Amino acid sequence: MSDIAIRASHLGKQYRLGALYEQRYRTLRESLGNLFRRGEAKSHETIWALRDVSFEVRQGQVLGVIGRNGAGKSTLLKLLSRVTEPTEGEAEIHGRVGSLLEVGTGFHPELTGRENIFLNGAILGMRRSEIERKFDEIVAFAEVEQFIDTPVKRYSSGMYLRLAFAVAAHLEPEILVVDEVLAVGDAEFQRKCLGKMGDVAREGRTVLFVSHNMSAILRLTEETLVIEKGRLALRAPTPQAVDYYLSRGFAREGERIWEADEVPASALPFRPLAVRLRNPRGEVVNSIRSAETNTIEVEYALDAPITGLRVGIYLMSMRGETIFTSFDTDDPQVFERLAVRPAGHYLSRCTLPADLLNEGRFVIGINASSYRVRRYFQDEQALTFTVDATGAPGTQWPETRLGAVRPRLEWKIEAV
Amino acid sequence: MVPSAPPGEGLRKGRRVNPPPVERTTRMAERVNTNVTYIRPVRGWININLRDLWLYRELVYFLTWRDIKVRYKQALLGIGWAIFQPVLSMVIFTVIFNRFLGVKPDSGIPNEFYPIFGFAALLPWQFFQGALQRASVSLVTNANLLTKVYFPRLIIPLSAVAAGLVDFLFSFIVLAAMMLYFGVPFTARLLWLPLFLLLALLAALAVGLWLSALNVQYRDVQHMVPFLLTAWMYASPVVYSAEVITVSPFWQAVYALNPMVGVIQGFRWALFGTNPPDVSMLVSAGVVLVLFVSGLFYFRRMERIFADMI
């Protein structure tokens, strides 16, 4: 028997554009309409979400997969976990695939923790005897012993996540596909998940790990695939792949513009138009000085009024750690005044105060949501920029300072 | 990097990777031994993957169990609803159709027996109605599962239909109690009931396969189903006796095409011994078989786009 776990050759997945960007399902009327308009109907526009992707993964290997949002990573995972079928090419999977595409899939809020463990286990392909054998282990890992007979709708989000991850992690598949589970949960939970994934790999099982968290990718994987616009751009040792991704993916010059066809239908009525970084002279730049006051602006249109809308930014380090989050309606008075934001064309602008960031590269993500109602749009990597430390505190010493921020703190030195 | 393939390329590739019969048997053997899964585009009318269905058989049980459990959670009367619904319908039908409109039960059954005559039909009918209703929306309500994990999709409508069996059992207890009350004898004919229930289950599953798959693509289906069921009920001898269809042999033949006619007639025959199953029962069974097999193939054909369309 060969030691190959996954062999993908020329995998491709084609979507009808309409299926991606317009409403997903059709109504009978539209189809009937198309039937009669067949003569003039234009051929369906299609898009290759993934094309000609070939690679092999050895058993026991932990392979990272990175790429921008919409590059085709999720499509690849969906193909490998058989959620959807490829349009062309084929793949050979040796062993059972367990996917952590989204923890808690199939959890039912009305059912108790115990009931959900069995239900979720069965959905993930476990036998009842197998679940019974691992039941105690799962409960212990999730630390929900006292609440095991409580409906999960009464769980805290942390407990819910731990339980969901615990079930999936104990599936013991030969191949584990992990998609961005680490984006959720507190630091302790993340540490635990990463530890569990390490165990899985040490047991000689194969892990396919998709993440935007570069430090997790660097820590957990030796080799990484970089997916770009549906194609396999590079397969290399992880540090090299991460370098390539960081340099390639972020080639934009201080501005990210969304074309109409880039905006998912799920975002409407919110339509992002652009994010820009401006220096004090108003120029759009991708490099700013830490000692100056700069501006970040988000331009967007609302096709319909939105209640409780907040448009905001995340500032993150290149390693994926969030430094801060800020929304345009953080001020309660402003939020009250804009309880319903009318339809129209907007520019939400914020100042990035002087003496805030240390030198280095940073990522701006944007988010438009109504708290607890809906997330209209999110892009964690809308824009990257460089901060230059010239004039920042302590630059008389030409050394690298640790830390993401570099505030100008007031020091008093007294002789006592 | 390999240059992009011309449009026809994918199709040819799809044909080529489907090996000829001899090779397929060796591949099947290999598949069992080393647990290898092949992921490749499948075209045309796919054969039913019974092996996967068998591997995931426990999931049918768990999803059915979830449906039942969730349905009656936080309901004061809980499973009592499974009893009240048919009983209330029976009372309403008796008052309106029997007392006010003068609808009579099958010949040979006394008029006072109308309540149990009606209940004998409501039992399979409400099972069928509930099963079909749940099955037709089952794929859409489980969209989060379809887009996240693999399992044979047939399991979803299957467990939606099976979830009605528990309700059926509870209302069956009511039927037994009514039989004692009305003095309907317990005969060996009752042993046929499981067979008629199976026919109702297959009918619901057959139509459910069609409608659930269609609903993924056309949400019109879920708006149409309640209307369809109302019409279907009046096209079945639920509140009246099938004997009233005497217009012409032609209409009797058309009427027999409705599988629920066979099911309800079967239930009434098992209880009262009226109108024993005849050739129209075979017609009903035949219709169910045709709908079921075609539904199975349609479902399997559409299955591959569920995750992309839903």
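Keep in mind that what you see is a predicted model, and the values were worked out from it rather than measured.

### Examining the overall build of chain B
Okay, so step 1: When helices and strands are tallied, chain B shows 14 helices and one strand.
Okay, so step 2: Put simply, of all contacts in chain B between residues at least 6 apart along the chain, 80% involve residues at least 24 apart.
Okay, so step 3: With the model as given, the accessible surface of chain B reaches about 14,700 Å², and the carbon-plus-sulfur share is 70%.

### Here we look at the overall build of chain A
Okay, so step 1: If you tally the helices and strands in chain A, you get ten helices and 20 strands.
Okay, so step 2: For chain A, with 416 residues in total, the buried portion stands at 50%.
Okay, so step 3: Contacts spanning at least 24 positions in sequence make up 71% of the contacts within chain A whose residues lie at least 6 apart.
Okay, so step 4: Entry remark: accessible area of chain A is about 20,000 Å², with carbon and sulfur atoms responsible for 51%.

### Topic: unusual backbone geometry
Residues and elements named next belong to chain A.
Okay, so step 1: Here the residue pair L268 and P269 is connected by a cis peptide bond, since its omega of 10° sits within 30 degrees of zero.
Okay, so step 2: Counting through the fold element by element, P269 comes out in the loop between β10 (255-257) and β11 (270-278).
Okay, so step 3: Phi is positive for R372, which is not a glycine, with a value near 65°.
Okay, so step 4: Turning to its location among the elements, R372 is positioned in the loop between β19 (360-370) and β20 (374-388).
Okay, so step 5: Classification of R372 as exposed rests on a relative accessible area of 75%.

### Some words on a nonpolar patch on the surface
Residues and elements named next belong to chain B.
Okay, so step 1: Side chains of L76, L77, W81, F84, L88, V91, I92, V95, I96, F100 and L101 sit close together on the surface and give an oily, nonpolar patch of about 1,100 Å² of accessible area.
Okay, so step 2: Mapped onto the secondary structure, L77 falls in the loop between α4 (57-72) and α5 (81-100).
Okay, so step 3: You can call L77 partly exposed: its relative accessible area is 41%.

### Quick word on the confidence of the model for chain A
Residues and elements named next belong to chain A.
Okay, so step 1: Per-residue confidence for chain A gives a mean pLDDT of 82, with 87% of residues at or over 70.
Okay, so step 2: Counted against residues more than four places away or in other chains, residues 19-24, with its pLDDT under 50, gives 16 contacts.
Okay, so step 3: Under a pLDDT of 50 for its full length, residues 37-43 has, in the predicted model, zero contacts with residues more than four places off or in other chains.

### Let's talk about the interface of chain A and chain B
Okay, so step 1: Contact residues are listed per partner, giving 55 residues for chain A and 50 residues for chain B.
Okay, so step 2: Summed over both sides, the interface between chain A and chain B buries roughly 4,800 Å², with carbon and sulfur atoms accounting for 56% of that surface.
Okay, so step 3: Summed over the three residues of chain A that lose the most area to chain B, namely R82, E85 and I123 of chain A, the buried surface amounts to 13% of that side.
Okay, so step 4: In this structure, K69 of chain B and E115 of chain A form a salt bridge, with 2.7 Å as the shortest nitrogen-oxygen distance.
Okay, so step 5: Seen at the junction of chain A and chain B, the total is three residue pairs in polar contact (both at pLDDT 80 or more).
Okay, so step 6: The set of elements that each furnish at least two residues to the side of chain A that touches chain B consists of β1 (4-16), α2 (28-36), β2 (46-58), α3 (73-80), β4 (88-94), α4 (113-123) and β9 (231-237) of chain A.
Okay, so step 7: For the side of chain A that touches chain B, the element with the highest residue contribution is β4 of chain A, accounting for seven residues.
Okay, so step 8: Across the side of chain A that touches chain B, the residue classes break down as 19 nonpolar, 15 polar and 21 charged.
Okay, so step 9: Pairing of β4 of chain A with strand β1 (residues 36-39) of chain B, which is carried by four bridges, proceeds in the antiparallel orientation. Each residue of the ladder has a partner; that of A91 of chain A, found in β1 of chain B, is I39 of chain B.

### What to know about the sheet that holds strand β12 (residues 287-289) of chain A
All names here are of chain A.
Okay, so step 1: Spatial ordering of the open sheet is given by β12-β20-β19-β15-β16, a layout of five strands whose pairing is mixed. Each edge of the sheet is formed by a strand with only one pairing partner; in this case those strands are β12 and β16 (322-327). Across the sheet, the mean angle from the axis of one strand to that of its neighbour is 30°, orientation sign disregarded.

### Observations regarding the pairing of strand β13 (residues 294-302) of chain A
Residues and elements named next belong to chain A.
Okay, so step 1: Across the nine residues of β13, nine count as buried, placing the element largely inside the fold.
Okay, so step 2: On β13, burial covers both faces: N294, I296, V298, Y300 and L302 on one face and T295, E297, E299 and A301 on the other are all buried.
Okay, so step 3: Taken together, the eight bridges between β11 and β13 define a ladder with antiparallel strand orientation. Paired with V275 across the two strands is V298, which belongs to β13.

### What to know about the sheet that holds β1 of chain B
Okay, so step 1: With antiparallel pairing, four strands are arranged side by side in an open sheet as β2(A)-β1(A)-β4(A)-β1(B). The open sheet is flanked by β2 of chain A together with β1 of chain B, the only strands paired with a single partner. Pairs of neighbouring strands in the sheet enclose a mean axial angle of 15°, with direction left out of account.
Okay, so step 2: For β1 of chain A and β4 of chain A, the ladder comprises five bridges, and the chain directions are antiparallel. Bridge pairing links G12 of chain A to E88 of chain A in β4 of chain A.

### Quick word on the packing of aromatic side chains
Okay, so step 1: Under the definition given, this model contains 27 aromatic pairs over all chains.
Okay, so step 2: Residues F118 of chain A and F62 of chain B carry aromatic rings whose centres are separated by 6.2 Å and whose planes lie at 25° to one another, so their mutual orientation is stacked. With F118 of chain A in helix α4 and F62 of chain B in helix α4, this residue pair bridges two chains. Side by side, F118 of chain A and F62 of chain B carry an identical accessibility label, which is buried.
Okay, so step 3: Judged by centre distance (6.2 Å) and plane angle (75°), the rings of W81 of chain B and F84 of chain B are edge-to-face. Taken together, the residues W81 of chain B and F84 of chain B, both in helix α5 and three residues apart, mark about one turn of the helix.
Okay, so step 4: What makes W81 of chain B partly exposed here is its relative accessible area of 36%.
Okay, so step 5: What links up through ring pairs into an aromatic cluster is the set F118 and F135 of chain A together with Y61, F62 and W65 of chain B.
Okay, so step 6: Across from the ring centre of W48 of chain A, 3.7 Å away, lies the NZ or CZ of R51 of chain A, which sits over that ring.
Okay, so step 7: Sitting over the ring of F327 of chain A, R310 of chain A keeps its end group 4.2 Å from the ring centre.

### Topic: helix α10 (residues 193-217) of chain B
Residue and element names in this part refer to chain B.
Okay, so step 1: Its 25 residues place the ends of α10 36 Å apart at the C-alpha level, agreeing with the 36 Å of an ideal helix rising 1.5 Å per residue.
Okay, so step 2: In the structure, α10 departs most strongly from a straight axis at G208, where the bend amounts to approximately 25°.
Okay, so step 3: The buried fraction of α10 is high, at 19 of 25 residues.

### Quick look at the pattern of salt bridges
Residues and elements named next belong to chain A.
Okay, so step 1: Under the criterion given, the structure shown has 25 salt bridges over all chains.
Okay, so step 2: The salt bridge partner of R7 is E92, with a shortest N-O separation of 3.3 Å. Placement of the pair is R7 in strand β1 and E92 in strand β4, with a sequence separation of 85 residues.
Okay, so step 3: A salt bridge links R289 to E292, with the shortest nitrogen-to-oxygen separation between them at 3.8 Å.
Okay, so step 4: Here the salt bridges do not stand alone but share partners, grouping E255, R276, R278, E297, E299 and R349 into one network.

### A closer look at the confidence of the model for chain B
All names here are of chain B.
Okay, so step 1: The predicted model of chain B averages 82 in pLDDT, with 86% of residues at 70 or higher.
Okay, so step 2: The spread of mean pLDDT over the elements of chain B runs between helix α1 (residues 9-17), the lowest at 36, and α10, the highest at 94.
Okay, so step 3: For residues 1-34, every residue scores under 50 in pLDDT, and the model assigns this stretch 27 contacts once sequence neighbours within four places are set aside.

### Re the packing of α4 of chain A against helix α5 (residues 128-142) of chain A
All names here are of chain A.
Okay, so step 1: Remark: α4 packs on α5, axes separated minimally by 10 Å, with the N-to-C direction vectors making an angle of 130°. On the basis of the axis angle, α4 is oblique to α5. Note that α4 runs across α5; the crossing there is right-handed. Facing α4, whose interface residues are R114, I117, F118, G121 and A122, α5 presents R128, I131, E132, F135, I138 and V139.
Okay, so step 2: When the residues that make up the contact of α4 with α5 are grouped by side-chain class, the tally is seven nonpolar, one polar and three charged.

What counts as what
Residues numbered from 1 in each chain as written. Chains lettered and ligands numbered in written order. Predicted model: local features only at pLDDT ≥ 70, side-chain atom pairs only at ≥ 80, totals over all residues. Heavy atoms only, no water. Helix = DSSP H or I, 4+ residues; strand = E, 2+ residues; numbered from the N terminus. Contact = heavy atoms within 4.5 Å. Areas by Shrake-Rupley, 256 points an atom, 1.4 Å probe, with all protein chains shown as cover. Buried < 20%, exposed > 50% of the residue type's maximum accessible area, 1.4 Å probe, protein only. Patch = residues over 30% accessible without salt bridge, like charges linked within 9 Å, V, L, I, M, F, W, Y side chains within 5 Å. Salt bridge = Lys/Arg side-chain N within 4 Å of Asp/Glu carboxyl O. pLDDT = per-residue confidence, 0-100. Buried area = accessible area lost by both parts, 1.4 Å probe. Polar contact = N/O pair within 3.5 Å; in protein donor to acceptor, adjacent residues only side chain to side chain. Nonpolar A, V, L, I, M, F, W, Y, C, P; charged D, E, K, R; others polar. Pairing = 2+ DSSP bridges. Axes fitted to C-alpha atoms, helices over the stretch in contact; angles between N-to-C directions. Phe/Tyr/Trp six-rings, centres within 6.5 Å; stacked < 30°, edge-to-face > 60°. Lys NZ or Arg CZ within 6 Å of the ring centre and 35° of its normal. Expected span 1.5 Å × (residues − 1). Bend = angle between axes of the 7 residues up to and from the residue. Parallel < 35°, antiparallel > 145°, perpendicular 65-115°, else oblique. Left-handed = near helix turned anticlockwise from the far one by under 90°.

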